[in-house]
Amino acid sequence: MSSGQPLLSPSEPSSVVHHCRSPRSLDSIGFLDRNVSVSSSDVEEGQSGRIDHEEDKEEEATTVVGTDFGLSPFERRHPHPTDKKFRSAELHIPQQFSLAHPTKERRNFVSGGAMELHNNSRSASSFEISGEKFHKSSRARSKSAIFENNLLCEENARLVYINDPWKTNDNYEFTGNEIRTSKYTLITFLPKNLFIQFHRVAYLYFLAIAALNQLPPLAVFGRTVSLFPLLFVLCVTAIKDGYEDWRRHRSDRNENNREALVLQFGEFRMKSWKKIQAGEVVKIHADESIPCDMVLLCTSDPSGLAYIQTMNLDGESNLKTRYARQETTSSVFEGCSEFGLIKCEQPNRNIYEFTATMEFNGQQFPLSQSNIVLRGCQLKNTDWIIGVVVYAGQETKAMLNSAVSPCKRSKLESYMNRETLWLSIFLFIMCLVVALGSGFWLQRHKKQLDTSPYYRKRDFNKAPHKNYKYYGIPLESLISFLSSVIVFQIMIPISLYITMELVRLGQSYFMIEDRHMFDSSSGSRFQCRSLNINEDLGQVRYVFSDKTGTLTENKMEFRRASVYGKNYGSSLPVGDLIHDHSVQDTGCKRKSQVLVDLELMELLHQKAKGDETIAAHEFFLALAVCNTVVPIHGAEEDLGAIEYQGESPDEQALVCAARAYGYTLFERTSGHVVIDVKGEKLRLDVIGLHEFDSVRKRMSVVIRYPNNDVKVLVKGADTSMFSILANYERVDQLRQETHSHLIEYSQQGLRTLVIAAKDLTDTELDQWQQRYGDASTSLIDRAAKLRLTASLIECNLNLLGATGIEDKLQDGVPEAIEALREAGIKVWVLTGDKQETAISIGLSCKLLTADMRQIIINGHSEDECRNLLADAKAKYIMRSMNKADEKVNREDENVNPYLAMAYDPKLSFQEDMMVPCAPLALIIDGNSLVYILEKDLESDLFDLAIACRVVLCCRVAPLQKAGIVDLIKSRTDDMTLAIGDGANDVSMIQMADVGVGICGQEGRQAVMASDFAMGQFRFLKRLLLVHGHWNYQRVAYLVLYNFYRNAVFVLMLFWYILFAAFSTTSALTDWSSVFYSVIYTSIPTIIVGILDKDLSHRTLLKHPKLYGVGHRHEAYNMRLFWFTMVDTLWQSLALFYVPLLTYKEGTIDIWSIGSLWTIAVVILVNIHLAMDIQRWVFVTHLAVWGSIMITYACMVVLDSIPVFPNYGTIYYLVTTARYWLTILLIIVVGLLPRFLVKVMSQAFWPSDIQIAREAERLDKRRGFLRRKPGHEPDHDAF
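Residues numbered from 1 in each chain as written. Predicted model: local features only at pLDDT ≥ 70, side-chain atom pairs only at ≥ 80, totals over all residues. Heavy atoms only, no water.

*Asks:* Looking at this model, I keep getting lost on the overall build of the chain. Mind explaining?
*Replies:* Counting its secondary structure elements, the chain contains 42 helices and 37 strands. Counting only residues that meet the buried cut, the chain has 60% of its 1278 residues in that class. Per element, the accessible surface of the chain, about 51100 Å² overall, is 56% carbon and sulfur. (Helix = DSSP H or I, 4+ residues; strand = E, 2+ residues; numbered from the N terminus. Buried < 20%, exposed > 50% of the residue type's maximum accessible area, 1.4 Å probe, protein only. Areas by Shrake-Rupley, 256 points an atom, 1.4 Å probe, with all protein chains shown as cover.)

Next comes the structure, spelled out in structure tokens:
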């Protein structure tokens, strides 16, 4: 949100109002029909004025006409097609700016318009990023090209015949209203689910292994046993997916079987939602949900007004207004049975746009977003509405936008694939060694094959002698190779995938339950919406943050006003804080506090009507009228409290300010507004309104006073307002004075708007009305044509003044940013605010500091931007690098070697070389980014940006935010995080590696598109520094440990095969091999991955630099992988050779040595794990030592089955001392080198984590000695 950008987003419509001729004559009416057109008031984050044509198309106009009416039963109408065509759609408009004038007979009076309440920046782009790589927008088309009609063909439009679903659906076969969000059916579940699961290449690997084991020559394990690991994983995942889909089916069934009133045979009858079709007329009562997308025909409100809540659609709790057209409400009142036809656009995902026309009772008039209610919304504060269905079922905008957020993949998991490739190479080498060894052995003992007791080609036990299947040395070697692949299959740990999912699930639970990240003010708790990237939170290097609602509270308070060149509110004492006394006559109840300037109040109460007093009067009148805020009265309208409903906190703040000064918005209907001016009611007819759009960056409302004077009131950003002011001496003086006030407000961090007005002559009003006729009914480029129409009245304005609204920083923001910076995280702010406002907020939140050297890039052309970037690089970067080189040369080898480890070598040179100079801050506006991101200047911007400690982007559009994130993401390997609270942040959130949504004032679209969601920006500090660090350390160790655990088992089998004539005979039972990674050793891994903590949360928050271990990849890197593999090799040798030495003089059978190896390897890997555990709790002890007991229990059960070859083995072994001595020697010999390395490393080369851990233990000991009796220890929270 931005101070300089009032009201809507770039995709929001720019609308004026069109009133079609009533079927009754004007003489019978006696006055012009009055309609209101009011736009949404969210102050949008400043958007660049240069927007591609596709974005312009999204800024559609909205129109609504209403009048007083009664209601009679809706009669069934018989279809009578009309031959009336879309004149505006077929009209060829020349390349000049003028629009064709309608004929006099067809000329329409503009007396009202749309009351569409969009939310700021809820553009279609919010839904279309979907994880795809950011695409640069094309250059803006010329205005002449914009206004060319591309002529939407009649056959491309959707035709909906009102109250005739048979004709509507017979011609076009529209979908029914039944929805389906489930993935599977009973028939498709098994094949579809298996197809999805086998997208993991590892599953294909294990499927191939299981298939090979089914071949008789390769049946190393039992055929059933070999399928068990893969079947287990597939079944667990299938059960989870099936349960989730069953819940979807249940939800779909409940939704489809809901009922609504549908017009059938002349009366409204209940009908299930799934049977509703396009063209049917539906009646909805208060607090009921809308079953499909419907165009309003009439409402219980006399003016055709209806209030809806779109929380289920976009998460916004504020009520929005929708209108029924006057033509339809009047016809319903008169019991009209005329046929109606709606021609609308094809179904699309843009919930903030609807373009259509209606032919009704011989008239043709436009429809817009303010005339349609969407599926999923709820009717509020309105008794009932009646509408015709235009989109149903899967074609509704809600269902078209039900796509899930793009799937993101953990960077650690991608690194894990690299190590998996190395393990595959090891596996291939081992299998090749076995195959070659087998071939050499067979060749060497070729003559003894028939007589060798353990390897014979012929069976001499039976007569006649039967030959075993012997395929010759080459094939036997190939069979040995394939058999080895089966034996060594767990070298690639299939259980790692499920283990990681369970660990991430447990980590998410503790993050959600963290009481330190619960926002008591909003009652929102932390949310984990993605379970794939928990560990990425510990490696974030860049944070891209929105400002309004993310760093600030988005709770606006009116602070300053510049009226007719005079500054007010600069020095208000606390005693001037008033509540209700300025509006006591109206009986209104204020929800916010306003600082009232007594001097300005006295000016408004002066009886003498000078220019300054008149300007002040029109100034506050504009604040009260030029908005979309709707007053909601209590039970007793005169005495009850007024509650203002508006989508924008900015507009609510302005309306509250106007009320505090005596201008109370008391009533708003579709045709007029009532303002209580110092106790007297003033009724103003609203003739029309132009919505805010990102090109004009302003909104305007045309009103008629009781004396028939017509005036246009305009408010908008200073950059767009100053260029359309009248050009005479007094206005120029006011412009200069107001401009100086705006600079002062921006420096204080206030959001600014400029207010202006103009009297309209009859000629100007008539010309504007004429131009609007064709523009409002056009299905092509309606928004662009309406902008041209708006320019007829938004010119030569008289400047009234400006406003300054305060948006306070959230609690803890400066401290959080400072901690993130100490942690080595770069914080970039991407905002739509004015440059001065953004700089002021940056200073107050400690993003910018006084010692920083600011580099400002404000270019207005490609060449200018190129020159600015080149000058900045030459002036700051090269000079800094030269100074750094001189320092390095002087210090030579005295440089601390650990300093180089602080950053990624790919980027560290420029960053570290900046140390001797003053830190740099880059400030760039959205206009410059238009040229930079679309041309070959990206590399220059990248070089300059990474050399700066802070980057502040002002006046940026939503897609430019995504472009900035992509600039870093595509050119570096650093982890990026984007955080925002509005729909204009969705593209940025989805583009970043990690997306965080704030549950703020701007709805929940950012939350719904995010990976994680929380209530306050300050929680980001704990999320990254604490939970991010823990998760990264845990998952990194989990992956390495799983590689070690499976590799040591496989290598042990490999050494045995080398000693068994290179045969693939295994000393372990089939079940022991399967249970090893699934049961024997899996539980401790999961528990440690969830609960282990290397440091307490207090230590991590106290020393943010400890977060740097994630940047330096200290917990998971190639060096650690190879160290782990060397350690694994040694431990496997200890496992194999120690029993050979201890039983060298004795006798032991193959199954006994297999049982010994099974229990020894389980004990070894668990003690290995225990050596690395930093935090022991009861559950950890239970998991580690309990898994050993479970292993013994399973072995006892398996050795008690007579049909197994290892029957009774364990009962004999445990009774011998040599058995226990062998296990003890294996543990000591296997883990002694690791123990010595750990001791030496911690004693002589301690890491930051180890030093902090020692300091933490010393503090705990001191605290324990000093603790008073009865004092309870404060346990760390997860």
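*Asks:* Sorry, what's going on with the pairing of strand β6 (residues 305–309) here?
*Replies:* Both faces of the sheet carry side chains from a regular strand, because those side chains alternate between them. Burial of β6 is extensive: five of the five residues sit out of reach of the surface. Relative to strand β12 (residues 378–380), β6 runs antiparallel, the two being bridged by three bridges. By the bridge assignment, Ile-308 is partnered in β12 with Leu-379. (Pairing = 2+ DSSP bridges.)

*Asks:* Explain the packing of helix α32 (residues 1019–1059) against helix α34 (residues 1082–1091) here, please?
*Replies:* Between two packed helices, both the angle of their axes relative to each other and the distance between the axes serve to describe the pair. Where α32 meets α34, the axes come as close as 9 Å, and the angle between the chain directions of the two elements is 165°. Here α32 is positioned roughly antiparallel relative to α34, judged by the angle of their axes. Where α32 crosses over α34, the handedness of that crossing is right-handed. Only Ser-1082, Thr-1085, Val-1088, Gly-1089, Ile-1090 and Leu-1091 of α34 make contact with α32, whose side of the interface consists of Arg-1034, Leu-1038, Tyr-1041, Asn-1042 and Arg-1045. In the contact of α32 with α34, the residues fall into five nonpolar, four polar and two charged. (Axes fitted to C-alpha atoms, helices over the stretch in contact; angles between N-to-C directions. Parallel < 35°, antiparallel > 145°, perpendicular 65-115°, else oblique. Left-handed = near helix turned anticlockwise from the far one by under 90°. Contact = heavy atoms within 4.5 Å. Nonpolar A, V, L, I, M, F, W, Y, C, P; charged D, E, K, R; others polar.)

*Asks:* Sorry, what's going on with the sheet that holds β12 here?
*Replies:* Pairing between the strands of a sheet is mediated by backbone hydrogen bonds and can be parallel or antiparallel. Read across the sheet, three strands follow the order β7-β6-β12 without closing on themselves; strand pairing throughout is antiparallel. Looking at which strands have only one partner, the edges of the open sheet turn out to be β7 (319–323) and β12. Looking at each pair of strands side by side, their axes are set apart by 45° on average, direction ignored.

*Asks:* What is the right way to look at the side chain of Arg-696 in this model?
*Replies:* Position of Arg-696 relative to the elements: it lies in the loop between β26 (680–690) and β27 (698–704). Among the polar contacts listed, one links the side chain of Arg-696 to the side chain of Glu-794, at a separation of 2.6 Å. (Polar contact = N/O pair within 3.5 Å; in protein donor to acceptor, adjacent residues only side chain to side chain.)

*Asks:* What should I look at first to understand the packing of aromatic side chains in this one?
*Replies:* Geometry of an aromatic ring pair is reported as the spacing of the ring centres plus the angle between the planes. Taken as a whole and assessed by the stated rule, the structure comprises 33 aromatic pairs. Relative to Phe-620, the ring of Phe-619 has its centre 5.1 Å away and its plane inclined at 85°; by these criteria the two rings are edge-to-face. You'll find Phe-619 and Phe-620 in the same group, each marked buried. One aromatic cluster in this structure is built from Trp-422, Phe-426, Phe-1043, Phe-1121 and Trp-1122. The cationic tip of Lys-167 hangs over the ring face of Tyr-161; the distance from NZ or CZ to the ring centre is 4.4 Å. Sitting above the plane of the Phe-666 ring, Lys-681 keeps its charged end 4.6 Å from the centroid. (Phe/Tyr/Trp six-rings, centres within 6.5 Å; stacked < 30°, edge-to-face > 60°. Lys NZ or Arg CZ within 6 Å of the ring centre and 35° of its normal.)

*Asks:* Can you walk me through helix α24 (residues 835–844) in this structure?
*Replies:* Helical geometry: 3.6 residues make up each α-helical turn, so side chains three or four residues apart lie on a common side. The buried count for α24 comes to seven of ten residues, which makes it a mostly enclosed element. Every buried residue of α24 is accounted for by Gln-835, Thr-837, Ala-838, Ile-839, Ser-840, Ile-841 and Gly-842. Just beyond α24, the residue with positive phi is Lys-846, at close to 65°.

*Asks:* Before we go on, may I ask you to explain a nonpolar patch on the surface in this structure?
*Replies:* Residues Leu-421, Trp-422, Ile-425, Phe-428, Ile-429, Leu-432, Val-433, Leu-436, Phe-440 and Trp-1122 make up a contiguous nonpolar surface patch of about 930 Å² in total accessible area. With nine residues, the top contributor of residues to the nonpolar patch is helix α13 (residues 411–444). Among the structural elements, Phe-440 can be located in helix α13. (Patch = residues over 30% accessible without salt bridge, like charges linked within 9 Å, V, L, I, M, F, W, Y side chains within 5 Å. Salt bridge = Lys/Arg side-chain N within 4 Å of Asp/Glu carboxyl O.)

*Asks:* How should I be thinking about the confidence of the model for the chain in this particular structure?
*Replies:* It should be kept in mind that the predicted coordinates are not to be read in detail where pLDDT is low. Summarising the model, the chain shows a mean pLDDT of 77, and 75% of its residues fall at 70 or more. For residues 572–591, every residue scores under 50 in pLDDT, and the model assigns this stretch 49 contacts once sequence neighbours within four places are set aside. Predicted confidence is poor over residues 1271–1278, with pLDDT under 50, and the contacts of this stretch with residues over four places away or in other chains come to 19 contacts. (pLDDT = per-residue confidence, 0-100.)

*Asks:* Help me understand the sheet that holds strand β10 (residues 363–367), please; the structure alone is not making it clear to me.
*Replies:* Read from one edge to the other, the open sheet built from four strands follows the order β1-β8-β9-β10, with strand pairing classed as antiparallel. Every other strand in the sheet has two partners, leaving β1 (158–161) and β10 as the edge strands with one partner each. If you compare each strand with its neighbour and ignore which way they point, the axes differ by 20° on average. Relative to β10, strand β9 (residues 356–360) runs antiparallel, the two sharing five bridges. Along β10, the bridge assignment pairs Met-358 with Phe-365.

*Asks:* Would you explain the environment of Ile-351 in this entry?
*Replies:* Position of Ile-351 among the secondary structure elements: in the loop between β8 (340–344) and β9. With a relative accessible area of 3%, Ile-351 lands in the buried category.

*Asks:* How should I be thinking about the pattern of salt bridges in this particular structure?
*Replies:* As a working rule, side chains carrying opposite charge can pair if their charged atoms are close by. Under the defined criterion, the tally for this structure stands at 41 salt bridges. In this structure, the salt-bridge partner of Lys-343 is Glu-359, at a minimum N-O distance of 3.7 Å. Taken as a pair, Lys-343 in strand β8 and Glu-359 in strand β9 lie far apart in primary sequence, 16 residues in all. With respect to burial, Lys-343 and Glu-359 carry one shared label: buried. The shortest N-O distance in the salt bridge between Glu-513 and Arg-525 comes to 2.9 Å. Placement of the pair is Glu-513 in the loop between α15 (495–512) and β16 (527–528) and Arg-525 in the loop between α15 and β16, with a sequence separation of twelve residues.

*Asks:* Would you take a moment to explain the pairing of strand β25 (residues 672–677) for this structure?
*Replies:* Counting buried residues in β25 gives six out of six residues, a clear majority hidden from the surface. Judged by which residues are buried, β25 turns out to be covered on both faces: His-672, Val-674 and Asp-676 on one side and Val-673, Ile-675 and Val-677 on the other are all buried. The pairing of strand β24 (residues 663–668) with β25 spans five bridges and is classified as antiparallel. Bridging across to β25, Tyr-663 finds its partner in Val-677. As paired strands, β25 and β26 are joined by six bridges and run antiparallel to one another. Of the residues in β26, the one forming a bridge with His-672 is Asp-685. Linking two consecutive strands that pair antiparallel, namely β25 and β26, is a turn of two residues; a positive phi of about 55° is found at Lys-678 within it.

*Asks:* Honestly, the packing of α15 against α34 in this entry has me stumped. Any pointers?
*Replies:* Close contact between α15 and α34 brings their axes to 8 Å; oriented N to C, the two are set at 35°. When the axes of α15 and α34 are compared, the crossing they make is right-handed. Contact residues: α15 offers Thr-499, Leu-502, Val-503, Gly-506, Gln-507 and Phe-510, while α34 offers Thr-1085, Ile-1086, Gly-1089, Ile-1090 and Leu-1091. Of the residues that constitute the contact of α15 with α34, the class distribution is six nonpolar, five polar and no charged.

*Asks:* Hey, could you run me through unusual backbone geometry in this one?
*Replies:* A negative phi angle characterises most non-glycine residues, just as the trans form characterises most peptide bonds. Positive phi, normally seen in glycine, also occurs at Phe-265, with a value near 55°. As for its position among the elements, Phe-265 is in the loop between β2 (259–264) and β3 (267–272). For Phe-265, a relative accessible area of 67% corresponds to the exposed category. One non-glycine residue, Ala-1061, lies in the positive phi region at around 60°. With respect to the secondary-structure elements, Ala-1061 resides in the loop between α32 and α33 (1070–1080).

*Asks:* Is there a simple way to think about the nonpolar core in this case?
*Replies:* If you look at soluble globular proteins, the nonpolar side chains tend to sit buried side by side. Judged by nonpolar contacts, the single largest core of 96 residues is most densely connected at Phe-488, Phe-1043, Tyr-1076, Tyr-1116 and Tyr-1219. Looking at which element gives the most residues to this core, the answer is α32, with 20 residues. Beyond its immediate stretch of four places on either side in the chain, Tyr-1219 contacts Tyr-1143, Leu-1156, Ile-1159, Tyr-1192, Ile-1210, Leu-1213 and Val-1214. Leu-621, Ala-624, Val-701 and Leu-750 belong to the second largest nonpolar core, which has 79 residues in total. (Core = buried A, V, L, I, M, F, W, Y, C linked by side-chain atoms within 4.5 Å.)

*Asks:* Would you mind showing me how to read the environment of Arg-248 here?
*Replies:* As for its placement among the helices and strands, Arg-248 is situated in helix α9 (residues 223–256). Taking the C-alpha atoms as reference points, Arg-248 and Lys-183, 65 residues apart in sequence, are found 8.4 Å from one another. Excluding anything up to four places from it in sequence, Arg-248 contacts Thr-181, Ser-182 and Lys-183.

*Asks:* Mind showing me how you'd approach the environment of Gly-997 here?
*Replies:* The residue Gly-997 is located in strand β36 (residues 994–998) in this model. The exposure class of Gly-997 is buried, given its relative accessible area of 0%. Counting along the chain gives twelve residues from Gly-997 to Ala-1009, while the straight-line C-alpha distance between them is 7.6 Å. If we skip the residues at most four places from it in the chain, Gly-997 touches Gly-980, Ile-989, Ala-1006, Val-1007, Ser-1010, Phe-1012, Ala-1013 and Met-1014.

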